[in-house]
Amino acid sequence: MAADPPLDAAASDPARLGWMVGTPPPPERRLRFDDGSYFRFPALRWSVAHFRELMPTANVSRGLGAPAPLPRALRADIDDLRFTPLGAKESMSWAESLAANYTDGIVVLHRGRVVYERYFGALTEQGQHGAMSITKSFTGTLGAMLVAEGTLDPSRRVADYVPELAASAFGSATVRQVLDMTTGLRFSEDYADPNAEVWAHAQAGSPLPKPQDYAGPRSYYEYLQTVQPEGRHGGAFAYKTVNSDALGWIIARVTGRSVAALLSERIWSRLGAEQDAYMTVDSTGTPFAGGGLNTGLRDLARFGEMLRNGGRHNGQQIVPRAVVDDIRRGGDREAFARADYTLLQGWSYRNMWWVTHGADGAFMARGVHGQRLYVNPGAGVVIARYASHPVASNASNDPTTLPAFDALARHLAAPPR
């Protein structure tokens, strides 16, 4: 028998369902980290904006300076913009696409001005939301900065920097192969498979006490040492979260700073962010470099705008121009093609960013359940979206997301009529 379809965006709205309302909330509306109830749909629609209340975190300080202003020039013509989803016959409006993708919040910048901003579900403009695998692009940017500055040699082996990984599959990989995820690792990212390695990785990284008979790894670093080889390094792109955690360990080893601390020092405190960000951590306080970042939505847009402007923002060069140029050039397109992403033909992956190779130079950070940061230098557009789609896989919302973002970029770049 086919499973019932998930509740739509309106029916699954956290305010409508009353999650965690009351002192205390009634048992049927109470969510917990320790029993997994917090991340089951539709409850996850509340949790994605409240992770700090459920698990330990490390702060990513914005510093003590004033926020960098984001000028506003709101437009009333965006909601009615129409496009056709991939594989569909009927068109859809931009406003309809927000509900279709279970959008929690979206900010659109055009040439540095906020032209569109909406919040839904449990997210508000004062709140923070899980970035999921958008985190990888922050970690990759930090790694690429260290390469550009000469602190990291991309041709050296991982074991040269982290000897503890010498006996794992990472030991013989180069830093560049980790940055571009062309490592040969036995690790399945299939969230629909309860036996996939991604769940063993999550269990190792959980800060909760382990069962008495548990004999596996108890932290992210311990788990990385158990990863076994599969295939060869450099042969094909293969999206695997553990690459980001390995890069996080390398970054921490060469800088003496955790990813959370370095992100604050090198980017977040210089960006003019409105809010501190934070990262979830394991039982030893190690930040989850592959998916633990949480930010305010406008601050995510600020990060994208900085990259759109070649790494410059808030009156200073934050990320070296060479790093942004390297991301925009993209990675090995033949290696990416071997991964067979049918909706991402012609794309590549570089420094943990997804690169479209379109004429407008667009590139993107992507996370499960619909998180997106879209940077389109040619059109002058940045789109930051947080969401809580019931299906983790990007392929579930790409048919709507990709043409919607491209249509809006073309619309905003077109000369006024």
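Small disclaimer: the values here were computed from a predicted structure and weren't measured.

**Details of the side chain of His-50**
Step number 1: Along the chain, His-50 turns up in the loop between α2 (44-47) and β1 (57-60).
Step number 2: A distance of 3.3 Å separates polar atoms of two side chains, one belonging to His-50 and the other to Trp-46.
Step number 3: One polar contact links His-50 to Glu-53, side chain to side chain, over a distance of 2.8 Å.

**Remarks on the sheet that holds strand β15 (residues 381-387)**
Whether parallel or antiparallel, the strands of a sheet pair through hydrogen bonds between backbone atoms.
Step number 1: One open sheet accounts for seven strands, arranged β5-β4-β15-β14-β13-β12-β11; its pairing is antiparallel. Either end of the sheet is taken by a strand with one partner, and the two such strands are β5 (113-119) and β11 (348-350). The average angle at which neighbouring strand axes cross in this sheet is 15°, direction not considered.
Step number 2: As paired strands, β11 and strand β12 (residues 353-355) are joined by three bridges and run antiparallel to one another. Bridging across to β12, Ser-348 finds its partner in Val-355.
Step number 3: The strands touched by helix α4 (residues 134-148) are β11, β12, β13 (363-367) and β14 (371-376); relative to β13, the strand with the most contacts, the crossing angle is about 125°.
Step number 4: Across the face of the sheet, helix α11 (residues 297-308) comes into contact with β4 (103-110), β5, β12, β13, β14 and β15 while running at roughly 150° to β15.

**Re the pattern of salt bridges**
Step number 1: What the rule picks out here adds up to 23 salt bridges.
Step number 2: Between Asp-180 and Arg-350 there is a salt bridge, with its nearest N and O atoms 2.8 Å apart. Taken together, the residues span a long stretch of sequence, with Asp-180 in the loop between α6 (175-179) and α7 (197-205) and Arg-350 in strand β11 at a distance of 170 residues. Across this residue pair, the class does not change: Asp-180 and Arg-350 are buried.
Step number 3: One salt-bridge network, in which partners are shared between bridges, spans Arg-72, Glu-117, Glu-125, Glu-274, Arg-298, Asp-299 and Arg-302.

**Considerations on the sheet that holds strand β6 (residues 129-130)**
Step number 1: Across the sheet, which stays open at both edges, the four strands sit in the order β1-β7-β8-β6 with antiparallel pairing between neighbours. Edge positions in the sheet fall to β1 and β6, since each of these pairs with one other strand and no more.
Step number 2: Here β1 pairs with strand β7 (residues 277-280) via four bridges, running antiparallel. The partner of Val-60 across the bridge, within β7, is Ala-277.

Conventions adopted
Residues numbered from 1 in each chain as written. Predicted model: local features only at pLDDT ≥ 70, side-chain atom pairs only at ≥ 80, totals over all residues. Heavy atoms only, no water. Helix = DSSP H or I, 4+ residues; strand = E, 2+ residues; numbered from the N terminus. Polar contact = N/O pair within 3.5 Å; in protein donor to acceptor, adjacent residues only side chain to side chain. Pairing = 2+ DSSP bridges. Axes fitted to C-alpha atoms, helices over the stretch in contact; angles between N-to-C directions. Contact = heavy atoms within 4.5 Å. Salt bridge = Lys/Arg side-chain N within 4 Å of Asp/Glu carboxyl O. Buried < 20%, exposed > 50% of the residue type's maximum accessible area, 1.4 Å probe, protein only.

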